Amino acid sequence: MIQKVLINVENVKKAYPKQQALRGVTFAMNESDEYIITGASGSGKSTLLYMLGGLEKPTEGKVEVNGQDLAKMDDEALAIYRNQYVGFVFQFHFLLSSMTCLDNILLPAKLGNGLTKEVRERADQLIKLLKVEHCANKFPFELSGGEQQRINIIRALLLRPKLLLCDEPTGNLDSENSEKVIELLRSLARDFGATLIVVTHDMNIASRFRNRFVMKDGLIQRL
Amino acid sequence: MKIKMNSFKLFYSLFFDQASSRRFVIGVWIGLAFSIAIILSTIGIMDGFEKALREGLKLSSGEITVQSQAGFYGMNGDILKVLEENPIRNFSQTIQTESFLITEEEAKGVVVRGIDDTFGEVVGLNLNLRDDQVIIGSELAKLYQIKKGDEVVLAFAKGANEFKNMPSLHRFLVHDIVEHGVYQKDLRTVYVHLKQVQDIIGVGDKINLLVLNTTKAAPGIDEHKHIENVIRYLKGQLEGDFIIRPYWREFSSLIEAAQAEKFMISIILQLIVVISVFNVLAFIYFINETKSKELFLFKALGFSKKAISNIWMKFVLLMWIAACLLAMVMVAIFKILLLKLPFLQLPAEIYQLPRLEMIISIEEYLIVFALALVWILIITFFFMRKMKKTSLLEGLRQEFA
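Not measured: the values here are computed from a predicted model.

Cut-offs used in this document
Residues take numbers from 1 onward in each chain, read along the sequence in its written order. The naming scheme follows written order: chains are lettered A onward, ligands numbered 1 onward. The predicted origin of the model limits local features to residues at a pLDDT of at least 70 and limits the giving and counting of side-chain atom pairs to 80 or more, whereas totals for whole chains, interfaces and linings rest on all residues. In DSSP terms, a helix is any run of H or I states spanning at least four residues, a strand is any run of E spanning at least two, and both are numbered starting from the N terminus. Counting other C-beta atoms within 10 Å of its own, a residue is labelled buried from 20 upward, exposed at 12 or fewer, and partly exposed in the gap between, with every C-beta atom placed from the backbone. Note on contacts: residues are paired as contacts if their backbone-placed C-beta atoms lie within 7 Å. Note on residue classes: Ala, Val, Leu, Ile, Met, Phe, Trp, Tyr, Cys and Pro are nonpolar, Asp, Glu, Lys and Arg are charged, and everything else, Gly too, is polar. In this analysis, axes come from line fits to C-alpha atoms, helices being fitted only over the stretch in contact, and the angle between any two N-to-C directions falls in the range 0 to 180 degrees. With respect to orientation, any angle under 35 degrees is reported as roughly parallel, any angle over 145 as roughly antiparallel, any angle of 65 to 115 as roughly perpendicular, and every other angle as oblique. Left-handed describes a crossing in which the near helix is turned anticlockwise from the far one by less than a right angle; the clockwise case is right-handed. One requirement defines pairing of two strands: DSSP has to find at least two bridges between them. Joined through C-beta atoms within 7 Å, a set of buried Ala, Val, Leu, Ile, Met, Phe, Trp, Tyr and Cys residues constitutes a nonpolar core. Start and end positions for the domains come from either an automated domain assignment or a database one. Scored from 0 to 100, pLDDT reflects the predictor's confidence in each residue. Under the convention used throughout, the expected extent of a helix is 1.5 Å for every residue step, that is, one less than its residue count. Of all possible arcs, the one meant is that of the directions from the helix axis to the C-beta atoms.

1. A look at the overall build of chain A
A count of helices and strands for chain A gives seven helices and ten strands. Taken across its 223 residues, chain A has 47% of its residues classed as buried. If you take every contact in chain A between residues at least 6 apart in sequence, the share linking residues at least 24 apart comes to 73%.

2. Things to note about the overall build of chain B
Within chain B one finds 15 helices and nine strands. For chain B, the residues scored as buried account for 33% of the 401 residues in total. When contacts within chain B are restricted to residue pairs at least 6 apart in sequence, those whose partners lie at least 24 apart make up 80%.

3. With respect to the interface of chain B and chain A
Listed by partner, the interface residues are 24 residues for chain B and 25 residues for chain A. Taken together, the elements giving at least two residues each to the side of chain B that touches chain A come down to helix 1 (7-15), helix 11 (292-300), helix 12 (305-340) and helix 15 (392-400) of chain B. In the side of chain B that touches chain A, the residues fall into ten nonpolar, five polar and nine charged.

4. Quick look at the packing of helix 2 (residues 19-61) of chain B against helix 9 (residues 252-268) of chain B
Residues and elements named next belong to chain B. Running from N to C, helix 2 and helix 9 cross one another at 170 degrees; their axes reach a closest spacing of 10 Å. If you check the angle between helix 2 and helix 9, you find them roughly antiparallel. Contact residues: helix 2 offers I39, T42, I43, M46, F49, E50 and L53, while helix 9 offers L254, I255, A258, Q259, E261, K262, I265 and S266. Grouping the amino acids of the contact of helix 2 with helix 9 by side-chain chemistry returns nine nonpolar, three polar and three charged.

5. What to know about the packing of helix 2 of chain B against helix 12 of chain B
Residues and elements named next belong to chain B. Between helix 2 and helix 12, the least distance of the axes is 7 Å, while the angle of their chain directions is 50 degrees. Classified by the angle their axes make, helix 2 and helix 12 are oblique. When the axes of helix 2 and helix 12 are compared, the crossing they make is right-handed. Facing helix 2, whose interface residues are V28, W29, I30, L32, A33, F34, I36, A37, L40, S41 and G44, helix 12 presents M319, A322, A323, C324, L326, A327, M330, V331 and F334. In the contact of helix 2 with helix 12, the residues fall into 18 nonpolar, two polar and no charged.

6. Quick notes on the sheet that holds strand 2 (residues 19-30) of chain A
Residue and element names in this part refer to chain A. Strand order in this open sheet of four strands is 2-1-4-5, and the pairing throughout is antiparallel. Looking at which strands have only one partner, the edges of the open sheet turn out to be strand 2 and strand 5 (68-69). Inspection of the sheet shows strand 1 (residues 5-16) paired to strand 2 by nine bridges, in the antiparallel sense. When the bridges of strand 2 are listed, K13 appears paired with R23.

7. A look at the pairing of strand 7 (residues 189-193) of chain B
All names here are of chain B. Most of strand 7 sits out of view: five of its five residues are buried. Here strand 7 shows no split at all, with T189, Y191 and H193 on one side and V190 and V192 on the other all buried. Pairing of strand 3 (residues 107-115) with strand 7, which is carried by five bridges, proceeds in the parallel orientation. Counted as the bridge partner of V112 is V190 from strand 7.

8. Description of the nonpolar core
By size, the foremost hydrophobic cluster in this structure holds 161 residues, and its most contacted members are A:L52, A:L185 and B:I36. With 17 residues, the top contributor of residues to this core is helix 2 of chain B. If you count residues domain by domain, this core takes at least three from each of domain 1 (7-54 + 256-400) and domain 2 (70-240) of chain B. When residues no more than four places from it in sequence are discounted, the contact partners of A:L185 are A:V89, A:I153, A:C166, A:P169, A:L196 and A:V198.

9. Some thoughts on the confidence of the model for chain B
Residues and elements named next belong to chain B. This prediction gives chain B a mean pLDDT of 82; 89% of its residues lie at or above 70. By mean pLDDT, helix 15 is the weakest element of chain B at 55, and strand 7 is the strongest at 92. For this predicted complex, the interface score ipTM comes out at 0.79, while the overall pTM is 0.69.

10. What about the pairing of strand 4 (residues 60-65) of chain A?
Residues and elements named next belong to chain A. Taken together, the five bridges between strand 1 and strand 4 define a ladder with antiparallel strand orientation. Bridge pairing links V9 to V63 in strand 4. Bridging between strand 4 and strand 5 involves two bridges; their strand directions are antiparallel. In the strand pairing of strand 5, E64 is matched with D69.

11. A short note on the sheet that holds strand 7 (residues 163-167) of chain A
Residues and elements named next belong to chain A. Reading across from one edge, 6-7-8-3-9-10 is the order of the six strands in this open sheet, with mixed pairing throughout. In this open sheet, the two strands that pair with only one neighbour each are strand 6 (86-89) and strand 10 (219-222). Averaged over all pairs of adjacent strands, the angle between their axes in this sheet comes to 20 degrees, without regard to strand direction. Pairing analysis gives four bridges linking strand 6 to strand 7, with the strands arranged parallel. Looking at the pairing, G87 lines up with L164 of strand 7.

12. Details of the environment of B:S35
Residue and element names in this part refer to chain B. Structurally, the position occupied by S35 is in helix 2. Expressed as a C-alpha distance, the spacing of S35 and I275, which sit 240 residues apart in the sequence, is 8.8 Å. Residue contacts for S35: discarding those within four places in its chain leaves I272, V273 and S276.

13. Remarks on helix 10 (residues 270-290) of chain B
Residues and elements named next belong to chain B. In a regular helix each residue adds 1.5 Å, so 21 residues correspond to 30 Å; helix 10 covers 30 Å between its end C-alpha atoms and thus fits that length. Looking at helix 10, one finds that the buried residues are V273, S276, V277, V280, F283 and I287. Projected down its long axis, helix 10 shows its buried positions confined to an angular sector of 105 degrees, all on one face. Of the exposed residues in helix 10, the ones pointing more than 90 degrees away from its buried face are L271, I275 and E289.

14. Re helix 5 (residues 145-157) of chain A
Residue and element names in this part refer to chain A. Its 13 residues place the ends of helix 5 19 Å apart at the C-alpha level, agreeing with the 18 Å of an ideal helix rising 1.5 Å per residue. Helix 5 sits mainly inside the fold: eleven of its 13 residues count as buried. Among all positions of helix 5, only E147, Q148, Q149, R150, I151, N152, I153, I154, R155, A156 and L157 are buried. Where helix 5 is buried, its residues contact strand 6, helix 3 (101-111), helix 4 (117-129), strand 7 and helix 6 (175-192).

Structure (structure tokens):
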């Protein structure tokens, strides 16, 4: 089966005032596939991930997702893209401590097009699937690290994103939980038909993925 | 049914969930309100000073005074005809001369006003006098502890023909004590019956000061403008070298100084508003620093930079509205304190008025509020522009570095 190219990155550079994060990155990724990007701290992998998620713009080059150049999209269009098209899973969970876990899960829908019955039902299904029913009405600080990460994953998948971007999703977990989370992400991405991109410096996790990239000094290489 | 969250509400519940944030924002709010209240109070005091001074002056001279460069003059038919033909409500013939009030130990120079029953109607004071009676200013009475019913001695120079002679001393009974509200007037004025003064100084039935009030100005015409117009008519019609002045001329330099000061101080005090606006920005900066994770999350979940900037703009506008309301409350409190607290009493010998009332017009409120808004918008605009250029990701990395 021929897979459609979802992401096409060409000669992308990103310069911060004190740092050149990306020095000319070129690669392509297919729809509904899974990818892992490894590299040491400061190699530019998170910058690249957030660029694919429309949170950062390249200084130079082209970042095409589903045929649309993100570099040419305005702020509003990128905000819609992030809400409707992308799901983020962060290392630090970023769950709002003033809200219950359920409210945290429903946040993308409430901030975007609004909470529909369908989205609410999907939230319930995901909560059951990830076995965190007992956490729904609790506050994030009452949960373990693994539970928090599962809530984080449910929130990322709530609006059925085409692109699931994970930044060190196992960074705060022990090896047993790390394995579980990675397997969960892979299976959910498959079920949802989403393209999964995981950024990590954990080589054990990297070895599980067929499509592997490594980043060094702002440059990318396919392994 | 779709439920769309009020992002503004979310933002606020998130950012004010910590006591430190709440304390900070309350401090910023009070600071901004206080700076606005200071400007309003300054303007109010200056306006109050001007108004009180003008009213005090009116109480001693009516709206217009007419003097002759020749000194004493008689109220002939021509003058009366001019007064009849112009919008003059009432007038009173008076004499203003100088004298010494002699007490047991010292003598003080005073202004003696020779008045008749019509004078009280013109100036709005209750001044009924008979021969051998005087009414003295309140500060003068306070200075020499003179009470109603006391006897005072006034030393007059005699009429022009007998100027070289010794002064003539006259005893009077203090019939009443009067307060004009202007320190110098209350310290130096002694009212004596007109006929008696004319007899003492020997000028017959002549006077040297005519005080008068104009009829009410037509709707929409400023009172001062109206008085100035009447003065212009009188100057054109009265034959002879008459000096015709509005009531505020006597302390015009003081009034002009107050107006100039009001303007200058209001400009200088804009600085404290600017400082307060920087406090508002400091709060935004504080929130951006302490809640960078949450801001990053909002962005990742679909908030645009513009949406975040708009929320901050709404926040500063809310701060401005809240500060304006609080400033009005503060001004009301200052007003009461200014009238009640003894240490807020003015040195009357310098400012002419012992106590000031704050008077602030609606226009002045609006100008001060609008200026504060202009500062807030200008400074916040540049701050937001700078913030938009800063990479949130970069800031977040620094936090977790």
